[in-house]
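Notes for the structure review
As a plain string of letters, each chain reads:
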Amino acid sequence: MIEVENLRVTFRLGKRQVEAVRGVSFDIEEGECLALVGESGSGKSVTARSLVGLAGPAARVEAGTFTVDGRDVRGFAARDWRRLRGRFAGLILQDALVSLDPLRTVGAEITEVLRTHGIGDRGDRPDRVRQLLTDVHVPEPGRRARQYPHQLSGGLRQRALIASAIAGGPRLLIADEPTTALDATVQAQILKLLAERRASGETLLLISHDLAVVSRLADRVLVMKDGRIVESGPTRTLLGGAGHAYTRELISAAGGRRRVTTTAPGEVVAEATALRKVYGDRTVVRDVGLTIRAGEIVGLVGESGSGKTTVAQLLFGLTEPTSGRVRFEGRDFSGVPERARRPIRRRLQLIAQDPLSAFDPRWTVRRIVGEALPRGADPQPILERVGLGADVLDRYPRQLSGGQRQRVAVARAIAPRPSLIICDEPVSALDVSVQAQVLDLLAQIRADDGTALLFISHDLGVIRDLADRVLVMHDGRVVEQGPVRAVFEHAGHEYTRALLSAVPTLEGAA
Amino acid sequence: MIGAVARRAGSGLVVLWAAATAAYLALLAAPGDVVDSIIGDGADSPQIRAQIIAEWHLDRPAVVQYLDYLWRAAQGDLGRSYLLQRPVRDVIGDQLAPTVRLAVAAAVFGVVLALILAVVTRGRWARRVSSTAELVLVSTPPFLIGIVLLSVFSFRFGMFPVSGDRGWAALVLPAVTLGLPIAGVLTQVLRDGLDRALDEPFAVTARARGLTERSVLVRHGLRHSLLPAVSLLGWLFGALIGGSVIIEQVFGRPGLGQVTLQAVSGSDMPVVLAVVVLAAAAFVVVNTAADLAYLIIDPRLRRS
């Protein structure tokens with residue numbers, strides 16, 4: 001179906017040439033599911049987009065052989081590519097909130113495919129749209145078609161995006177990180193849907209950094225690193241005992257490992273009692289109680305919308321609880337003016353999910369970290385503690401890699417020697433191997449300084465590896481809590497069990 | 001919904017009142033005597049002065065005059081012009097139509113030109129040429145553009161009348177003069193918005209459906225680029241008002257610009273006040289229209 005030999009993609013960035021893909025060769029057979037695996041920057045997305053001529057205007061694509069559907073696409077003009085897109089191959093991107101036009105209804109987006117390729121006539125297109133939404137198991141398709149992406153849940157949005165990708169009846173579906181932005185239970189549903197599409201005869205090219213997702217769907221895997229394919233083979237053999245060191249690293253990162261030994265907790269650092277938060281007529285937090293002791297790592301899990309971020313904001317004193325109260329280091333932290341909180345603010349720090357938006361883009365690392373230190377103090381020792389060299393001092397946030405940025409965020413958080421650090425999804429935006437390094441770092445900080453961590457995540461694997469205790473939130477309530485091992489092995493609440501069973505695990509891994 | 005409309009109307013009234021009051025205070029503080037303004041170049045004697053004071057009720061305290069003014073303005077009576085000795089309503093009524101024609105024509109020309117330029121000049125060279133031209137237009141004073149256009153198209157080629165307001169031909173050059181700087185600013189904002197929208201993942205999705213680049217631009221990108229442009233509506237309106245005063249001078253057109261100029265230089269308080277209140281009212285309408293436009297363009301802003 002697709003034959004690629006020695007594919008090279010070069011980007012022109014100003015005067016510099018950047019080689020994103022350096023000579024990859026592979027075939028895609030009709031009816032199979034091939035997975036391209038690798039971390040961000042490995043060239044997997046560029047490779048996949050080249051297959052439909054969408055590598056971008058600044059890209060130069062060269063290949064020894066490049067046939068798609070039996071036709072040589074080297075020297076394809078824009079209109080030749082357009083005939084392939086949507087009709088021969090459909091593309092599904094990561095997050096439907098931004099991959100569907102936010103200003104248009106879902107129905108309009110799907111209709112666009114039909115109109116572009118002259119499928120059906122004006123009168124029967126609404127029926128076709130409803131049928132397509134039904135095919136991807138969207139309930140009430142008629143009503144959903146008239147809604148905008150932001151009105152749909154993450155899962156429904158992703159289904160709608162898939163419906164638009166299959167509307168032209170393509171034989172090949174290219175899914176680029178199709179489940180990365182989704183909660184575990186929704187992720188499982190979307191994977192099932194993709195498996196269904198495959199069973200109905202569509203060929204699937206899956207791009208992912210998540211080996212667990214890949215192990216569920218793919219027949220064959222290509223592992224990419226630095227623009228090259230470092231290993232390829234059937235999924236089972238490859239994940240079972242791969243030869244290449246990089247693949248093994250990916251597998252061990254995906255498998256996870258316990259990082260901490262639970263120690264005797266110290267005195268109470270932060271305490272929340274009967275927290276309740278109401279926005280308008282929505283109650284987002286209901287009767288949440290929580291105690292964090294010195295040197296403890298407390299995990300807070302739940303899906304998006306479960307209220308875990310609001311709990312963090314309440315603890316942090318960013319918003320006042322509707323009722324209930326927060327105490328920090330033995331003092332009232334809620335229901336008091338900000339002036340009363342300010343003297344102890346430094347003792348409470350935050351590490352956000354996306355440090356890029358949490359840093360002033362015009363500040364250098366020296367200034368970002370220096371701000372958290374006493375005036376005139378040298379930021380270098382702190383940076384050394386988080387494993388960064390002096391070479392990053394004068395760089396700006398965007399000149400750092402995702403992992404380096406999160407290390408800077410950790411450095412800034414530990415600089416004032418806090419007693420509690422609230423970490424809100426601190427590793428969700430990172431590649432697995434980098435994720436593992438940041439988790440190691442956080443475990444080390446706790447061991448050295450005895451700092452307590454409140455670790456908020458939707459990723460149960462991360463919580464299992466790092467936390468001493470875990471609280472599971474659902475619909476604004478804490479539905480279960482206890483030591484990590486107890487909760488993971490004998491979940492009492494059905495929601496916790498559902499969450500646990502939805503976590504994709506590496507199938508067939510050694 | 002009804003509450004929102006009521007709030008909007010209420011705040012509009014407050015704006016009108018504030019504008020009228022501010023203008024009233026400013027004129028009160030301005031040098032010159034009202035009686036002098038009313039006499040103008042006419043005969044001057046103590047009897048005439050006394051007569052004028054009695055006739056215009058100028059002997060009352062300023063606060064009473066102000067409250068009386070507000071009370072009558074609320075009933076739609078804007079008073080009489082000191083200079084022209086006619087009801088202000090008639091003075092403005094006569095001159096409103098030419099100015100509205102000019103402003104609407106200029107706005108339509110500017111907006112349409114900006115949309116076309118932003119969509120058409122996507123290539124590297126077209127974009128450079130267009131950006132340079134926009135910069136020149138934005139930084140050139142409108143009267144200069146007017147004079148250049150006049151000397152080329154009216155004096156040299158005789159395509160359009162030099163002055164006056166007879167027929168559509170006389171509207172072309174003034175509207176173009178007023179519209180070009182507007183097009184310059186809007187094109188830059190629209191192009192910027194398009195660039196950002198076409199970089200978004202949904203644009204990739206749209207291309208992956210087999211759409212032509214032009215369709216992606218028109219069906220997806222343009223609407224996104226309209227959002228920042230809408231926030232310029234207030235500025236656009238200001239540019240039209242300020243610009244029309246000058247343009248009407250350059251092209252010898254009748255209109256509010258002329259009236260305002262005369263009224264200000266002759267301390268014709270009732271006319272100046274009326275113009276200020278009118279501008280404020282129009283501004284309230286324009287801003288309401290902008291808020292509505294946001295809701296129409298971006299469904300995310302509508303409350304479910």
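Residues numbered from 1 in each chain as written. Chains lettered and ligands numbered in written order. Predicted model: local features only at pLDDT ≥ 70, side-chain atom pairs only at ≥ 80, totals over all residues. Heavy atoms only, no water.

A look at the overall build of chain B
When helices and strands are tallied, chain B shows 13 helices and 0 strands. The helix and strand sequence of chain B, counted from the amino end, reads α-α-α-α-α-α-α-α-α-α-α-α-α. Its C-alpha atoms put chain B at 85 × 60 × 30 Å along the principal axes. The proportion of buried residues among the 304 residues of chain B is 40%. Looking at chain B alone, contacts between residues at least 24 apart form 73% of all its contacts between residues at least 6 apart. Entry remark: accessible area of chain B is about 15,900 Å², with carbon and sulfur atoms responsible for 68%. Side-chain charges in chain B split into 26 positive and 21 negative, and the spacing between the mean points of these groups amounts to 15 Å. (Helix = DSSP H or I, 4+ residues; strand = E, 2+ residues; numbered from the N terminus. Buried < 20%, exposed > 50% of the residue type's maximum accessible area, 1.4 Å probe, protein only. Contact = heavy atoms within 4.5 Å. Areas by Shrake-Rupley, 256 points an atom, 1.4 Å probe, with all protein chains shown as cover. Lys, Arg positive; Asp, Glu negative; His and termini not counted. Charge placed at Lys NZ, Arg CZ, Asp CG, Glu CD.)

Examining the UniProt feature "domain: ABC transporter" (unreviewed entry) in chain A
Cross-referencing UniProt, the feature "domain: ABC transporter" (unreviewed entry) maps to residues 2-251 and 270-500 of chain A in the present numbering. Span residues 270-500 of chain A is 36% helix and 27% strand, its end C-alpha atoms 28 Å apart. (UniProt positions renumbered as here; feature names shortened; annotations may be inferred.)

Regarding the sheet that holds strand 11 (residues 228-234) of chain A
All names here are of chain A. Reading across the sheet, the 6 strands line up as 7-8-9-3-10-11 and stay open at both edges, with mixed pairing between neighbours. Each end of this open sheet is capped by a strand with a single partner; those strands are strand 7 (89-92) and strand 11. Direction aside, the axes of adjacent strands within the sheet are offset by 15 degrees on average. Looking at chain direction, strand 7 and strand 8 (residues 172-176) are connected through 4 bridges and run parallel. When the bridges of strand 8 are listed, I92 appears paired with A175. (Pairing = 2+ DSSP bridges. Axes fitted to C-alpha atoms, helices over the stretch in contact; angles between N-to-C directions.)

Re the UniProt feature "domain: ABC transmembrane type-1" (unreviewed entry) in chain B
Using the residue numbers shown here, the UniProt feature "domain: ABC transmembrane type-1" (unreviewed entry) corresponds to residues 96-290 of chain B. Secondary structure across residues 96-290 of chain B comprises 83% helix and 0% strand; the distance between its end C-alpha atoms is 23 Å.

Examining the sheet that holds strand 16 (residues 331-332) of chain A
By way of backbone hydrogen bonds, the strands of a sheet pair with one another, either parallel or antiparallel. All names here are of chain A. Ordered in space as 13-12-15-16, the 4 strands form an open sheet in which the pairing is antiparallel. A strand with exactly one partner marks an edge of an open sheet, and here the two such strands are strand 13 (282-293) and strand 16. The strands touched by helix 12 (residues 308-315) are strand 12 (268-279), strand 13 and strand 15 (323-328); relative to strand 13, the strand with the most contacts, the crossing angle is about 60 degrees.

Quick word on the confidence of the model for chain B
When pLDDT is averaged across chain B, the result is 86; 99% of the residues are at 70 or more. Ranking the elements of chain B by mean pLDDT puts helix 2 (residues 34-39) of chain B last with 76 and helix 9 (residues 201-208) of chain B first with 93. (pLDDT = per-residue confidence, 0-100.)

Looking at the UniProt feature "transmembrane region" (unreviewed entry) in chain B
Residue and element names in this part refer to chain B. Residues annotated by UniProt as "transmembrane region" (unreviewed entry) correspond here to residues 12-30, 100-120, 132-155, 167-186, 226-251 and 271-297. For residues 132-155, the helix share is 92%, the strand share is 0%, and the end-to-end C-alpha distance is 27 Å. The annotated region residues 271-297 carries 100% helix and 0% strand content, and the separation between its end C-alpha atoms amounts to 38 Å.

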